[in-house]
Amino acid sequence: MDKHGYIQTWNKGAQKTKGYAADEIIGKHFSTFYPEVDKRAGKPEWELKEADRHGRVEDEGWRVRKDGTTFWANVIITALYDTTGQLVGFAKVTRDQTQRKEYEDELRRMNDSKDEFISLASHQLRTPATGVKQYLGMIIEGFVGEVPAAQREILTRAYESNERQLRIINDLLKVAQIDAGKLRLHRYDIDLNELVADVAEEQRPVAKTRGHVLTFHPNKRPAHALVDVDAFRMALENIIDNAGKYSVAGENSITLTADDKEVRIAIADNGVGIEQADVPRLFQKFVRIDNPLSTKVGGTGLGLYWAKRIVDMHDGRIEHRPNQPNGSIFVISLPISTQKK
Amino acid sequence: MTQEKNLNILIVEDDEDLNRAYRMIIESAGYHVMSAYDGKQALDIIDKGANPAIIFLDLRMPVMDGIAFLKEYKADEHDSTVVVFSNYDAQDEVDQAFALGAHHYVLKARAAPKELLRIISDIVHQKARVA
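Residues numbered from 1 in each chain as written. Chains lettered and ligands numbered in written order. Predicted model: local features only at pLDDT ≥ 70, side-chain atom pairs only at ≥ 80, totals over all residues. Heavy atoms only, no water.

S.K.: Please clarify how the overall build of chain A should be interpreted in this entry.
M.R.: If you tally the helices and strands in chain A, you get nine helices and 10 strands. Evaluated residue by residue, chain A yields a buried proportion of 44% over its 341 residues. For chain A, contacts bridging at least 24 residues in sequence account for 60% of all contacts bridging at least 6. Carbon and sulfur atoms make up 54% of the accessible area of chain A, which totals about 19100 Å². (Helix = DSSP H or I, 4+ residues; strand = E, 2+ residues; numbered from the N terminus. Buried < 20%, exposed > 50% of the residue type's maximum accessible area, 1.4 Å probe, protein only. Contact = heavy atoms within 4.5 Å. Areas by Shrake-Rupley, 256 points an atom, 1.4 Å probe, with all protein chains shown as cover.)

Structure representation (structure tokens):
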């Protein structure tokens, strides 16, 4: 194309993509290939300006063939200069990406219907599982008379299995809710020292049954942040539970620090740790990292994903670092709140 | 105490098994229980003169859901205490139910039979204190 966008040369590839023969199109303006709406918006001219300014411009969008049909195109326009640096024209490469776009759209639709299916199935499963909980609960809690110890033990195991099932169903529904953008946070200014101390206190008995000592080292001064207490609490519980599940025995610690920008909560364990190569997958949905304990320890691969989504919604970050000599440290950082009370 | 036990409790829950389970639990503590399987049935029971002290209300139901029921029922014109059955992913509906006069909520998947009875006795004692 010349520097105003009039087509100077044409090749077989371009003919195949757009349907014009060389003598039909040479001398015409390249905006011929753009849909009316893009022409009116001045997109062709804008792209030339951008290519001139940056040396090159890349765009994806609908383009029009000779017969009026449209295709999804990847377009690269490169500015051409002479030896004195004067713009002399543009080289333009257009690739037909229609099929790729169709695949992507189809994939997105399939992913949406998968999410919808999971949500629907979980809803349907929850009610009967809640029924099992109530009926077994009645027997175990002695509503219909004394239960012999041997039977009670079996019933309690059935009850616990059902509880696990309910937790999985609820995790699936919580994730479906957040993925659909239906979770709204109610954030209040709170001292995270207090909330974390509270959570640590609550998690201590579970840690003890696993042979862990869970310690909490608060910040010396109050560390305020804008937090949805219920959601953040559950995110924190997920991380602490994760640390507990994947370490054998000893101390797991929670340390809270703050500066004038951020509050950081570091949850450290001395467990199996995570291979550096696995770190990028750590917070993905349904991903469970293979390690010596992963088959022994139950999980859905939703806990860390959900925790990350919640922390993101708090404008925070969650990161993984290796602990020394072994294990993991998960660090949650939240912007500090400077609201005066 | 005996007088407290004569209180009527209305369960509005569309799942038959769950409705029956709640009924058995609450009756075991000596309360009188009425069952409805959607909001419309609950309104009919109340229109016929029942004056439940506590209404356990599921939110997602066919025919008339919990929110539609609350809009018709107008909790502030009655002295029933409305306890909403809720779930972790139903935050919006719970907020809405509270705005329409619901007083408490119970997480369905979490509350074991004894917790259900504890909620009832808390409400009963609170009512006794106010009265």
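S.K.: Can you help me understand the interface of chain A and chain B in this one?
M.R.: Bring the parts together and some accessible area is lost; that lost area is often taken as the interface size. With 23 residues of chain A in contact, the opposing surface of chain B contributes 25 residues. For the pair chain A and chain B, the summed buried area comes to about 2100 Å², and 56% of that belongs to carbon and sulfur atoms. The largest per-residue losses of area from chain A upon contact with chain B belong to Gln 134, Tyr 135 and Phe 143 of chain A, which jointly make up 27% of the total buried on that side. On inspection of chain A and its partner chain B, the count reaches one salt bridge. Counting across the interface, chain A meets chain B through eight residue pairs in polar contact (both at pLDDT 80 or more). Elements with a contribution of two residues or more to the side of chain A that touches chain B: helix H5 (98–140) and helix H6 (149–179) of chain A. A per-class count over the side of chain A that touches chain B returns seven nonpolar, nine polar and seven charged. (Buried area = accessible area lost by both parts, 1.4 Å probe. Salt bridge = Lys/Arg side-chain N within 4 Å of Asp/Glu carboxyl O. Polar contact = N/O pair within 3.5 Å; in protein donor to acceptor, adjacent residues only side chain to side chain. Nonpolar A, V, L, I, M, F, W, Y, C, P; charged D, E, K, R; others polar.)

S.K.: What exactly am I supposed to notice about the sheet that holds strand E2 (residues 32–36) of chain B here?
M.R.: Strand pairing within a sheet occurs via backbone hydrogen bonds; the two strands may be parallel or antiparallel. Residues and elements named next belong to chain B. Pairing in this open sheet of five strands is parallel, and the strands run E2-E1-E3-E4-E5 from one edge to the other. If you trace the sheet from one side to the other, it starts and ends with E2 and strand E5 (104–107), each paired once. Strand-to-strand twist of the sheet, defined as the mean angle between neighbouring strand axes without regard to direction, takes the value 20°. Examined bridge by bridge, strand E4 (residues 81–86) and E5 share four bridges and lie parallel to one another. Within the sheet, the bridge partner assigned to Ser 86 lies in E5 and is Leu 107. Contacting strand E1 (8–12), E2, strand E3 (54–58) and E4, helix H2 (residues 16–28) runs over the sheet at an angle of about 170° to E2. (Pairing = 2+ DSSP bridges. Axes fitted to C-alpha atoms, helices over the stretch in contact; angles between N-to-C directions.)

S.K.: What is the right way to look at the packing of H6 of chain A against helix H9 (residues 303–313) of chain A in this model?
M.R.: A pair of packed helices is characterised by two quantities: the angle between their axes and the separation of those axes. All names here are of chain A. At a minimum axis distance of 10 Å, the contact between H6 and H9 shows a crossing angle of 35°. Our pair here, H6 against H9, has a crossing hand that is left-handed. Taking contact as the criterion, the partners of Lys 174, Val 175, Ile 178 and Asp 179 in H6 are, on H9, Tyr 305, Trp 306, Arg 309, Ile 310 and Met 313. Class assignment of the residues belonging to the contact of H6 with H9 gives a composition of six nonpolar, no polar and three charged. (Left-handed = near helix turned anticlockwise from the far one by under 90°.)

S.K.: Hey, could you run me through the environment of Gly 30 of chain B in this one?
M.R.: All names here are of chain B. Along the chain, Gly 30 falls in the loop between H2 and E2. The partly exposed category is assigned to Gly 30, whose relative accessible area is 42%. Taking the C-alpha atoms as reference, Gly 30 lies 7.7 Å from Asn 6; in sequence the two are 24 residues apart.

S.K.: Which parts of the structure should I look at to understand the packing of aromatic side chains?
M.R.: Two aromatic rings, taken as a pair, are described by how far apart their centres are and by the angle between their planes. Residue and element names in this part refer to chain A. Following the criterion strictly, the structure yields nine aromatic pairs over all chains and no others. Where Trp 10 meets Phe 33, the ring centres are 5.8 Å apart and the plane angle is 20°; that geometry is what we call stacked. One end of the pair, Trp 10, is in the segment before helix H1 (12–18); the other, Phe 33, is in the loop between helix H2 (22–25) and helix H3 (36–40), and 23 residues separate them in sequence. Here Trp 10 falls in the buried class, since its relative accessible area comes to 17%. Consider the rings of Trp 62 and Trp 72, whose centres lie 5.1 Å apart with planes at 80°: the pair is edge-to-face. Within this pair, whereas Trp 62 is found in strand E1 (residues 56–64), its partner Trp 72 is found in strand E2 (residues 70–81), the two being separated by 10 residues in sequence. The exposure class assigned to Trp 62 is partly exposed, which follows from its relative accessible area of 39%. Under the relative-accessibility criterion, Trp 72 is labelled buried at 16%. Aromatic ring contacts, followed pair by pair, group Trp 10, Tyr 20 and Phe 33 into a single cluster. We note Lys 174 situated over the ring of Trp 306; from NZ or CZ to the ring centre the distance is 4.6 Å. (Phe/Tyr/Trp six-rings, centres within 6.5 Å; stacked < 30°, edge-to-face > 60°. Lys NZ or Arg CZ within 6 Å of the ring centre and 35° of its normal.)

S.K.: Is there a simple way to think about the side chain of Ser 122 of chain A in this case?
M.R.: Residues and elements named next belong to chain A. Structurally, the position occupied by Ser 122 is in helix H5. Owing to a relative accessible area of 2%, Ser 122 belongs among the buried residues under this scheme. Separated by 2.5 Å, the side chain of Ser 122 and the backbone oxygen of Ile 118 make a polar contact. Those residues in contact with Ser 122, other than ones at most four positions away along the chain, are Ile 169, Leu 172 and Leu 173.

S.K.: What is the right way to look at the pattern of salt bridges in this model?
M.R.: It is possible for side chains of opposite charge to pair when their charged atoms get near one another. Evaluation of the coordinates by the stated rule reveals 38 salt bridges over all chains. Salt-bridge contacts for Arg 63 of chain A lead to Asp 59 of chain A; the nearest nitrogen and oxygen are separated by 2.8 Å. A relative accessible area of 1% places Arg 63 of chain A in the buried class. Among the residues examined, Asp 59 of chain A registers a relative accessible area of 14% and is labelled buried. Of the charged contacts, one joins Arg 184 of chain A and Asp 95 of chain B as a salt bridge, the two residues approaching to 3.8 Å between their closest N and O atoms. Placement of the pair is Arg 184 of chain A in the loop between H6 and strand E4 (188–191) and Asp 95 of chain B in helix H5 (residues 91–99), with the two residues belonging to separate chains. You can call Arg 184 of chain A partly exposed: its relative accessible area is 39%. On the accessibility criterion, Asp 95 of chain B (32% relative accessible area) is partly exposed. Salt bridges linked by common partners bring Asp 38, Lys 43, Glu 47, Asp 59 and Arg 63 of chain A together as one network.

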